[in-house]
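Close look at the chain arrangement
Chain by chain, the residues:
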Amino acid sequence: MADDTAVGYENILVEVSAPIATITLNRPKVLNALSPDLIREVNEALGELDADSNVRAVVLTGGARVFAAGADISDMADRTAVDQLQRDQTGRWAGIAAFSKPLIAAVNGYALGGGCELALMCDLIIAGDSARLGQPEINLGIIPGAGGTQRWPRTAGKHAAMEVMLLGAPVTARRAYELGLVNKVVPAEMTITAAQRIARQAAEKAPLAARMAKEAVLKAFETPLAEGLAVERKSFYFLFSTEDQKEGMHAFLEKRRGVFKGK
Ligand code: HXC
């Protein structure tokens, strides 16, 4: 994708300003409700950005007012279990969690249901002070379906997870920060620029090391310690085959800043 290009999607905006890109969910009339088409577009955009070596970090936002009020209830209301199984509604989200570069959520306003789950799939979350994160599915007679029941307790612990799942009430940005769900709370008007600043910082780092670090940290949620340590060790050794490792270490010794090529 070329610099500063708004690529033609219907439900999202994609702006590339190398070395970062920003994806903005764009269904404002329904508070960015996550229709299947929107999720497909986010997947496609992330796939393109993953393949674009000029892009080294991505911000995912819903804009100034709302992150996303969840999966599209009007699309789900009359579906049967068989419909849901056959179209594998939440299977489509796997590509988002598999994105290999630093992915930073910039959350203003509501991040509810699938909206919260989408934020939790990102690597860092920057929240505006207006943000409200929660899993209100219980109010609809369902449970989270895109990772909420698993990612909340792994990050915020069992009791906070039970509180949001069982009572259906969201937590404030401040409480989310205290629970370790978000990295930083900023005034709402600063959220996107703060996330873009962090994305630019991440984009300066060695891309292959970032990829391996991300993979290894995510493994910690899925494997026993010994297996996770083995993944880390192999990735650590592998990175000594990269030009970026030579550049990073020699730059340090020469008292200059390393310039990384992702090679
Ligand atoms: C479809 C939605 C929607 C949603 C809001 N809208 N959320 N449409 N799906 N998830 C629509 C409203 O119907 C309304 O349309 C417009 O957006 C504005 O919303 P209001 O309710 O009028 O706004 P407000 O009073 O400010 O209340 C905001 C809100 C509320 C608290 C966020 O909209 C709300 O509770 N939304 C539902 C949140 C939710 O239950 N999310 C979980 C969904 S299930 P009109 O046409 O009336 O203007 C889920 C499961 C995920 O996410 C599973 C994995 C895929």
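Above this text is the structure in question.
Residues numbered from 1 in each chain as written. Predicted model: local features only at pLDDT ≥ 70, side-chain atom pairs only at ≥ 80, totals over all residues. Heavy atoms only, no water.

What to know about the overall build of the chain
Operational definition: Numbered from the N terminus, helices here are DSSP runs of H or I no shorter than four residues, and strands are runs of E no shorter than two. A radius of gyration in this sense is built from C-alpha atoms; the matching globule rule multiplies 2.2 Å by the number of residues raised to 0.38. Each residue is assigned to one of three classes by its accessible area relative to the maximum for its type, calculated with a 1.4 Å probe on protein chains only: buried under 20%, partly exposed between the two thresholds, exposed over 50%. Throughout, a contact is declared for two residues whenever any of their heavy atoms are within 4.5 Å. In these tables, accessible area is a Shrake-Rupley quantity obtained with a 1.4 Å probe, and a residue counts as shielded only by the protein chains included in the view. Only four residue types enter the tally: Lys and Arg on the positive side, Asp and Glu on the negative side, with His and both chain ends excluded. Where a charge sits is defined by one atom per residue type, namely NZ (Lys), CZ (Arg), CG (Asp) or CD (Glu).
Broken down by element type, the chain carries 12 helices and 9 strands. Here the chain has a C-alpha radius of gyration of 19 Å; the compact-globule value for 263 residues is 18 Å, and the two agree. Dimensions of the chain along its principal axes, counting C-alpha atoms only, are 60 × 45 × 40 Å. Residue burial in the chain is summarised as follows: out of 263 residues, 44% are buried. Across the chain, every contact between residues at least 6 apart in sequence was considered, and the portion connecting residues at least 24 apart equals 65%. When the accessible surface of the chain is summed, it comes to about 13600 Å², and 57% of that surface belongs to carbon and sulfur atoms. Between the mean site of the 30 positive side-chain charges and the mean site of the 31 negative ones, the chain shows a separation of 6 Å.

What to know about the nonpolar core
Our working definition: Residues grouped as a nonpolar core are buried Ala, Val, Leu, Ile, Met, Phe, Trp, Tyr and Cys residues, joined through side-chain atoms within 4.5 Å.
Judged by nonpolar contacts, the single largest core of 49 residues is most densely connected at Ile12, Ile23, Leu25, Leu49, Val58 and Trp152. For this core, the leading source of residues is helix 1 (residues 36–51), giving 6 residues. In this structure Val58 touches Ala21, Ile23, Leu46, Leu49, Phe99, Pro102, Leu103 and Ile104, once residues within four positions along its chain are discounted. Core analysis: the next-biggest nonpolar cluster, separate from the first, contains 12 residues, Ala57, Val59, Ile126 and Ala199 among them.

Notes on the packing of aromatic side chains
Condition: Working definition: a ring pair exists when centres of Phe, Tyr or Trp rings (six-membered ring for Trp) sit within 6.5 Å. Plane angles under 30 degrees give stacked, over 60 give edge-to-face, the rest tilted.
Summed over the entire model, instances satisfying the criterion amount to 2 aromatic pairs. With 5.2 Å between their ring centres and 65° between their planes, Phe236 and Phe240 make a pair best called edge-to-face. Residue classification places Phe240 among the partly exposed residues on the basis of a relative accessible area of 36%. In this structure an aromatic cluster arises from ring pairing among Phe236, Tyr237 and Phe240.

Quick word on the sheet that holds strand 1 (residues 12–17)
Our working rule: Any two strands with at least two DSSP bridges between them are considered paired. Interaxial angles span 0 to 180 degrees and are taken between N-to-C directions of axes, which are lines fitted to C-alpha atoms, for helices over the stretch in contact.
Reading across the sheet, the 6 strands line up as 1-2-3-4-6-9 and stay open at both edges, with mixed pairing between neighbours. Only two strands of the sheet have a single neighbouring strand rather than two, namely strand 1 and strand 9 (184–186). Between one strand axis and the next, the sheet turns through 20° on average, direction left out of account. For strand 6 (residues 124–128) and strand 9, the ladder comprises 3 bridges, and the chain directions are parallel. Following the sheet pairing, Ile126 is matched in strand 9 by Lys184.

Considering the site of the ligand
Using the following cut-off: To be near a molecule or strand, a residue needs just one of its heavy atoms within 4 Å of it. For this analysis, a polar contact is any N or O atom pair within 3.5 Å, provided that within protein one partner can donate a hydrogen and the other can accept it, and provided that sequence-adjacent residues contribute only side-chain to side-chain pairs. Each residue gets one of three labels, nonpolar for Ala, Val, Leu, Ile, Met, Phe, Trp, Tyr, Cys and Pro, charged for Asp, Glu, Lys and Arg, and polar for the others, Gly among them.
Lining the immediate environment of the ligand, one finds 23 residues, of which Val30, Ala69, Ala71, Ile73 and Gly114 sit closest. One nitrogen or oxygen atom from the main chain of Ile73 is found 2.9 Å from a nitrogen atom belonging to the ligand. Contacts to the ligand include Gly114, whose backbone N or O atom sits 2.8 Å from an oxygen atom. When residues of the shell around the ligand are traced back to their parent elements, those giving at least two are helix 2 (73–76), strand 5 (110–112) and helix 5 (114–121). Classifying every residue of the shell around the ligand gives 13 nonpolar, 6 polar and 4 charged.

Let's talk about the side chain of Asp244
Condition: By definition here, a salt bridge exists when the distance from a side-chain nitrogen of Lys or Arg to a carboxyl oxygen of Asp or Glu is within 4 Å.
Assignment of secondary structure puts Asp244 in helix 12 (residues 243–253). Here Asp244 is buried and forms no salt bridge, its nearest opposite-charge partner Arg56 lying at an N-O distance of 6.2 Å. Beyond its immediate sequence surroundings of up to four residues, Asp244 is in contact with Ala206, Pro207, Phe260, Lys261, Gly262 and Lys263.

Some remarks on the pattern of salt bridges
According to the stated counting rule, one finds 10 salt bridges in the structure shown. Put simply, Arg87 and Asp75 hold a salt bridge, and the shortest N to O gap is 3.0 Å. One end of the pair, Arg87, is in helix 3 (residues 81–87); the other, Asp75, is in helix 2, with 12 residues separating them in the sequence. Residue classification places Asp75 among the partly exposed positions, given a relative accessible area of 22%. Where Arg256 meets Glu247, a salt bridge forms, and the shortest distance between an N and an O atom there is 2.8 Å. Under the relative-accessibility criterion, Arg256 is labelled partly exposed at 37%. By sharing partners, the salt bridges in this structure join Asp37, Arg40 and Glu44 into a single network.

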